[in-house]
Amino acid sequence: MRHGYPSDDELRANFDEVLGHVLEGRGVHTATGLDDDTQNALWAIAEAHPDATPEMIEAARKALAGQLDGSNAVRWAEEMDNWVKEYGTGKAAGDQQGSAEQG
């Protein structure tokens, strides 16, 4: 059992292993430490098998780079903040309360 987060070197090794699997038409296994952006890019390659393009592989490599430099996490946090601002307060929250009162 792994304790803590994988190092950047471990993430790179996991990525390379999973990339090899998806290029063979296999899926993305769990517990790789790879974030959703990276896993989604790898799944796209697996689903395209045997027609994965160099652009798809590059997109997966860019997703990994975003995980390693933290930009994927920053973007995700911004998206969540925007979602909370849009749906977590105001009219949307009032609509939910009104629905509960009517039910």
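As shown above, the structure is provided for reference.
Since we're looking at a predicted model, the values are computed, not measured.

**A short note on a nonpolar patch on the surface**
Turning to step 1, where the next piece is worked out: Nonpolar side chains collect at one region of the surface, where Trp-76, Met-80, Trp-83, Val-84 and Tyr-87 lie side by side and expose about 530 Å² of accessible area between them.
Turning to step 2, where the next piece is worked out: Within the secondary structure, Trp-83 sits in helix 4 (residues 71-87).

**Examining helix 3 (residues 54-69)**
Turning to step 1, where the next piece is worked out: Compared with an ideal rise of 1.5 Å per residue, which puts 16 residues at 22 Å, helix 3 spans 22 Å between its outermost C-alpha atoms and is within 8% of the ideal.
Turning to step 2, where the next piece is worked out: Buried within helix 3 are the following residues: Ala-60, Ala-63, Leu-64, Gly-66 and Gln-67. Taken around the axis of helix 3, the buried residues stretch over an arc of 155°, which confines them to a single face. Along helix 3, the residues that are exposed and aim more than 90 degrees away from the buried face are Pro-54, Glu-55, Lys-62 and Asp-69.
Turning to step 3, where the next piece is worked out: The inward-facing, buried residues of helix 3 contact helix 1 (8-23), helix 2 (36-48) and helix 4.

**With respect to the pattern of salt bridges**
Note that side chains of opposite charge can pair when their charged atoms are close.
Turning to step 1, where the next piece is worked out: The full count for this structure, using the stated rule, is four salt bridges.
Turning to step 2, where the next piece is worked out: Close ionic contact of Arg-75 with Asp-37 constitutes a salt bridge, the shortest N to O distance being 2.5 Å. You can see Arg-75 sitting in helix 4 and its partner Asp-37 sitting in helix 2, a full 38 residues away along the chain.
Turning to step 3, where the next piece is worked out: Classification of Asp-37 by relative accessible area gives partly exposed; the value is 25%.
Turning to step 4, where the next piece is worked out: Notably, a salt bridge pairs Arg-75 with Glu-79, separated by 3.2 Å at the nearest N-O pair. Residue Arg-75 and its partner Glu-79 are both found in helix 4; the two are separated by four residues, about one turn of the helix.

**Description of the nonpolar core**
Turning to step 1, where the next piece is worked out: With 14 residues, the main nonpolar core has Phe-15, Val-22, Leu-34 and Leu-42 as its most contacted residues.
Turning to step 2, where the next piece is worked out: Those elements giving two or more residues to this core turn out to be helix 1, helix 2 and helix 3.
Turning to step 3, where the next piece is worked out: Among the elements that line this core, the one with the most residues is helix 1, at five residues.
Turning to step 4, where the next piece is worked out: Excluding its chain neighbours within four sequence positions, the residues that come into contact with Leu-34 are Leu-11, Phe-15, Val-18, Gln-39, Leu-42, Leu-64 and Gln-67.

**Things to note about helix 2**
Turning to step 1, where the next piece is worked out: Between its first and last C-alpha, helix 2 extends 18 Å over 13 residues, near the 18 Å set by a 1.5 Å rise per residue.
Turning to step 2, where the next piece is worked out: Restricting attention to buried positions, one finds in helix 2 the residues Thr-38, Ala-41, Leu-42, Ile-45, Ala-46 and Ala-48.
Turning to step 3, where the next piece is worked out: Buried-residue contacts for helix 2 involve helix 1, helix 3 and helix 4.

What counts as what
Numbers given for residues are sequential positions, taken from 1 along each chain in its written order. It should be noted that, the model being predicted, local features are given only for residues of pLDDT at least 70 and side-chain atom pairs only at 80 or more, the latter also being counted only at that level, while totals for whole chains, interfaces and linings use all residues. Calculated side-chain values reflect all of the structure's heavy atoms, with hydrogen atoms and water omitted. Here the term patch refers to residues with relative accessible area over 30% and no salt bridge, with like charges joined within 9 Å and nonpolar side chains (Val, Leu, Ile, Met, Phe, Trp, Tyr) within 5 Å. Areas reported here follow the Shrake-Rupley algorithm with a probe of radius 1.4 Å; residue values treat only the protein chains shown as occluding. Put simply, a salt bridge is a Lys or Arg side-chain nitrogen that is within 4 Å of an Asp or Glu carboxyl oxygen. Numbering goes from the N terminus for both helices and strands, where a helix is a DSSP run of H or I of at least four residues and a strand is a run of E of at least two. Given the number of residues in a helix, its expected span is that number minus one, multiplied by 1.5 Å. Accessible area is worked out with a 1.4 Å probe on protein chains only. A residue is then buried under 20% of its type maximum, exposed over 50%, and partly exposed in between. Regarding the arc, it is the one traced by the directions from the helix axis to the C-beta atoms. Only heavy atoms matter for contacts: two residues are in contact if any of them lie within 4.5 Å across the pair. What makes a nonpolar core is a set of buried Ala, Val, Leu, Ile, Met, Phe, Trp, Tyr and Cys residues whose side-chain atoms join them at distances within 4.5 Å.

The values reported here are purely geometric and, on their own, carry no functional implication.
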